[in-house]
Amino acid sequence: MEEPRIIEFPKICDRRGNLSFIEGSGADFEGHVPFDIKRVYWIYDVPGGQSRGAHAHRTLQQLIVAVSGSFTVTLDDGQEKKEFFLNHPWMGLYVPPGMWRNIEDFSSGAVCMVLASKHYDESDYIRNYRQFLKFSNERRKNKIS
Ligand code: TYD
């Protein structure tokens, strides 16, 4: 199973301000993201105390970037939870499939940009935590055997 990890992007600084970029991979070019980018969405204007997510994806791979402000992403593989505090626009969190994820503690003005490996598909979501635990146990058993 792929592990979640932080990916750093180039950061070009000059006195006019900083610039970072993300390039997708091609046939003969290895970009910054380990999947083909099919969709980009972003979450913003999150009221204080609200959280987003609370779901898992069966197959979707994602890269989460705090392009402005900060927030905490909690990833749960069904056995273990890991927290990632994102507060730099030059780094992203790679989220492999099969992770229950929650995003909370949004700072004021935070923008959470997500690069995704597939178009929007509600059937790829698991929105019930018990169902997620069942899914992740079966997935683990299949990987082991
Ligand atoms: P959802 O993924 O549930 O948001 P959260 O990250 O908080 O869990 O999406 C919220 C709503 O937006 C839901 O009705 C589906 C819709 N949506 C799209 O239409 N396209 C998209 O790319 C995304 C991410 C969501």
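Predicted model only: the values in this text are computed from it and were never measured. Here the residue index of a chain counts from 1 through its sequence in written order. Residue-level local features of this predicted model are given only where pLDDT is at least 70; pairs of side-chain atoms are given and counted only at 80 or more, and the full residue set underlies all totals for whole chains, interfaces and linings. Note that the side-chain values use all heavy atoms of the structure and ignore hydrogens as well as water.

Chemist: What am I meant to see in the overall build of the chain here?
Modeler: Numbering of helices and strands runs from the N terminus; a helix is a DSSP stretch of H or I covering at least four residues, while a strand is a stretch of E covering at least two. Per the secondary structure count, the chain includes one helix and twelve strands. Secondary structure elements in the chain, listed N-terminal to C-terminal, are β-β-β-β-β-β-β-β-β-β-β-β-α. Atoms counted for the radius of gyration: C-alpha only. Globule rule: 2.2 Å times the number of residues to the power 0.38. Radius of gyration (C-alpha) of the chain: 16 Å, near the 15 Å computed for a compact globule of 145 residues. Expressed along its principal axes, the backbone C-alpha trace of the chain runs to roughly 55 × 45 × 25 Å. Scored against the burial criterion, the 145 residues of the chain give a buried share of 39%. Sequence-distant contacts in the chain: of pairs separated by 6 or more residues, those separated by 24 or more amount to 76%. Using the Shrake-Rupley algorithm and a 1.4 Å probe, accessible areas are obtained, with residue cover drawn only from the displayed protein chains. For the chain, the exposed surface amounts to about 8700 Å²; the carbon and sulfur share of it is 48%. Only four residue types enter the tally: Lys and Arg on the positive side, Asp and Glu on the negative side, with His and both chain ends excluded. Charge placement uses NZ in Lys and CZ in Arg. For Asp and Glu, CG and CD serve respectively. If the 19 positive side-chain charges of the chain are averaged to one point and the 19 negative ones to another, these points end up 4 Å apart. Between buried and exposed lies partly exposed: a residue is buried under 20% and exposed over 50% of the maximum accessible area for its type, with that area taken using a 1.4 Å probe on protein chains only. Any two residues whose heavy atoms approach within 4.5 Å at even a single point are treated as in contact.

Chemist: When you look at helix α1 (residues 129-144) in this model, what are you seeing that I'm missing?
Modeler: Multiply 1.5 Å by the residue count of a helix minus one, and that product is the helix's expected span. The end-to-end C-alpha distance of α1, which contains 16 residues, comes to 22 Å, matching closely the 22 Å that a straight helix rising 1.5 Å per residue would cover. Within the sequence span of α1, burial applies to F132, F135, S136, R139 and R140. Take α1 and look down its axis: the buried residues cluster within an arc of 135°, on one side only. In α1, the exposed positions angled more than 90 degrees off the buried face are occupied by R130, K134, K141, N142 and I144. Sitting at the amino-terminal end of α1 is N128, which places a side-chain oxygen 3.0 Å from the backbone nitrogen of R130. Working note: the arc is built from the helix axis to C-beta atom directions. Nitrogen and oxygen atoms within 3.5 Å of one another constitute a polar contact, given that in protein one can donate a hydrogen and the other can accept it, and given that sequence-neighbouring residues count only through two side-chain atoms.

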